[in-house]
Amino acid sequence: ETGVTQTPRHLVMGMTNKKSLKCEQHLGHNAMYWYKQSAKKPLELMFVYNFKEQTENNSVPSRFSPECPNSSHLFLHLHTLQPEDSALYLCASSQEVWPSTDTQYFGPGTRLTVL
Amino acid sequence: AQTVTQSQPEMSVQEAETVTLSCTYDTSENNYYLFWYKQPPSRQMILVIRQEAYKQQNATENRFSVNFQKAAKSFSLKISDSQLGDTAMYFCAFMKLGLVFGKGTRLSVIA
């Protein structure tokens, strides 16, 4: 394990539900990331947070709402999702953001299924 | 926009043999960083190796090495003495704020 944990590991939700994904890093990093891994597409960067401030929103639909209360925790709030949002959602952290070249450490992911 | 292309969806190699995974990328940047990540089945993504574009010397990490051709925008990964534990999805990635990933190559090491 790399020091980045994600809960839950699996989540099944209906399109009208509201749920949240949680990520926690125990590495003392200042930057955190959300990625989406779909079966037929490359890993996609969704959001970047640096020192709790959002520095990147990669044109993500508003039904995904991130929250970063502190440098160790990152949430992804989900509401009125679509079946095509089913994917593995990966959280990562690094010491700093670009232009730093720090390695990103990934969590195990949350496997989300939207019915 | 930066893009990363991995043209080999799947590959297999016999244990103890050498295999090379290809990756090409497109960028207008002059200084950047490239990575290979490994995602074993049902396990977390971990860094295999990384390369700074301003360095001409190819990066190596034990059995893993890269062939970085900046002019050709090519960044291949060579795995020597392949082991069963090398079985995984391998992703090539370009660093720009977050990582821009290729679609991955599924590598199977056969006993």
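Residues numbered from 1 in each chain as written. Chains lettered and ligands numbered in written order. Predicted model: local features only at pLDDT ≥ 70, side-chain atom pairs only at ≥ 80, totals over all residues. Heavy atoms only, no water.

*Asks:* What is the right way to read the pairing of strand S10 (residues 88-96) of chain B from this model?
*Replies:* Each regular strand displays side chains that alternate between the two surfaces of the sheet. Residues and elements named next belong to chain B. Judged by how many residues are buried, S10 sits mostly within the fold: eight of nine residues are covered. The pairing of strand S5 (residues 33-39) with S10 spans six bridges and is antiparallel. Of the residues in S10, the one forming a bridge with Leu 34 is Phe 94. Two elements, S10 and strand S11 (residues 98-101), share four bridges in a ladder whose sense is antiparallel. Residue Ala 93 lies in a different strand from S11, and its bridge partner there is Phe 101. (Buried < 20%, exposed > 50% of the residue type's maximum accessible area, 1.4 Å probe, protein only. Helix = DSSP H or I, 4+ residues; strand = E, 2+ residues; numbered from the N terminus. Pairing = 2+ DSSP bridges.)

*Asks:* Explain the pattern of salt bridges here, please?
*Replies:* Oppositely charged side chains may form a pair once their charged atoms are brought near each other. Applying the stated criterion across every chain yields a total of five salt bridges over all chains. Linking Lys 41 of chain A and Glu 44 of chain A is a salt bridge whose minimum nitrogen-to-oxygen distance equals 3.5 Å. Overall, Lys 41 of chain A belongs to the partly exposed group, its relative accessible area being 46%. With its nearest N and O atoms 3.5 Å apart, the salt bridge here joins Lys 73 of chain B to Asp 26 of chain B. Of this pair, Lys 73 of chain B sits in the loop between strand S8 (64-69) and strand S9 (74-79) while Asp 26 of chain B sits in strand S4 (residues 24-26), and the two are 47 residues apart along the sequence. The exposure class of Lys 73 of chain B is partly exposed, given its relative accessible area of 26%. (Salt bridge = Lys/Arg side-chain N within 4 Å of Asp/Glu carboxyl O.)

*Asks:* Explanation requested: the interface of chain B and chain A in the structure shown.
*Replies:* In many reports, interface size means the accessible area that the parts give up when they come together. Counting residues at the interface gives 19 residues for chain B and 25 residues for chain A. Of the roughly 1,900 Å² buried where chain B meets chain A, counting both sides, 61% is carbon and sulfur surface. Inspection of the region where chain B meets chain A yields zero salt bridges. Linking chain B with chain A are four residue pairs in polar contact (both at pLDDT 80 or more), by the criterion used here. Going through the elements one at a time, S5, strand S6 (46-52), S10 and S11 of chain B are the ones with two or more residues in the side of chain B that touches chain A. Per-element tally for the side of chain B that touches chain A: the top contributor is S5 of chain B, with four residues. For the side of chain B that touches chain A, the class distribution of residues is 12 nonpolar, five polar and two charged. (Contact = heavy atoms within 4.5 Å. Buried area = accessible area lost by both parts, 1.4 Å probe. Polar contact = N/O pair within 3.5 Å; in protein donor to acceptor, adjacent residues only side chain to side chain. Nonpolar A, V, L, I, M, F, W, Y, C, P; charged D, E, K, R; others polar.)

*Asks:* It is not clear to me how the state of the cysteines should be interpreted in this structure. Could you clarify?
*Replies:* All names here are of chain A. Taken as a whole and judged by the stated rule, the model has two disulfides over all chains. Between the sulfur of Cys 23 and that of Cys 91 lies a disulfide, 1.9 Å long from S to S. Between Cys 23 and Cys 91, the S-S torsion sits near -75°, and that sign places the bridge as left-handed. With Cys 23 in strand S3 (residues 18-25) and Cys 91 in strand S9 (residues 87-94), this pair connects stretches of sequence that are 68 residues apart. (Disulfide = S-S within 2.5 Å.)

*Asks:* Teacher, can you tell me more about the packing of aromatic side chains here?
*Replies:* Here a ring pair, both rings aromatic, is described through the centre-centre distance and the interplanar angle of the planes. Counted under the stated rule, the structure contains 15 aromatic pairs over all chains. Residues Phe 106 of chain A and Tyr 37 of chain B carry aromatic rings whose centres are separated by 5.3 Å and whose planes lie at 80° to one another, so their mutual orientation is edge-to-face. With one member in each of two chains, Phe 106 of chain A in strand S10 (residues 105-106) and Tyr 37 of chain B in strand S5 form a pair that bridges those chains. Its relative accessible area of 0% is what places Tyr 37 of chain B among the buried residues. By the ring-pair criterion, three or more aromatic residues cluster together here, those being Tyr 33, Tyr 35 and Phe 106 of chain A together with Phe 35, Tyr 37, Phe 91 and Phe 101 of chain B. (Phe/Tyr/Trp six-rings, centres within 6.5 Å; stacked < 30°, edge-to-face > 60°.)

*Asks:* Just checking my understanding: could you explain the sheet that holds strand S1 (residues 4-7) of chain A for this structure?
*Replies:* Note on sheets: strands pair through backbone hydrogen bonds, and any given pair is parallel or antiparallel. Residue and element names in this part refer to chain A. Reading across from one edge, S1-S3-S8-S7 is the order of the four strands in this open sheet, with antiparallel pairing throughout. Edge positions in the open sheet fall to S1 and strand S7 (64-70), since each of these has one partner strand only. In this sheet, neighbouring strand axes are inclined to one another by 20° on average, regardless of whether the strands run parallel or antiparallel. Pairing geometry for S3 and strand S8 (residues 73-79), over seven bridges, is antiparallel. (Axes fitted to C-alpha atoms, helices over the stretch in contact; angles between N-to-C directions.)

*Asks:* What am I meant to see in the confidence of the model for chain B here?
*Replies:* Close inspection of predicted coordinates is inappropriate in any region flagged by low pLDDT. When the pLDDT values of chain B are averaged, the result is 93; 99% of them are 70 or greater. Model confidence for chain B, summarised as mean pLDDT per element, is weakest for S11 of chain B at 86 and strongest for strand S3 (residues 19-21) of chain B at 98. (pLDDT = per-residue confidence, 0-100.)

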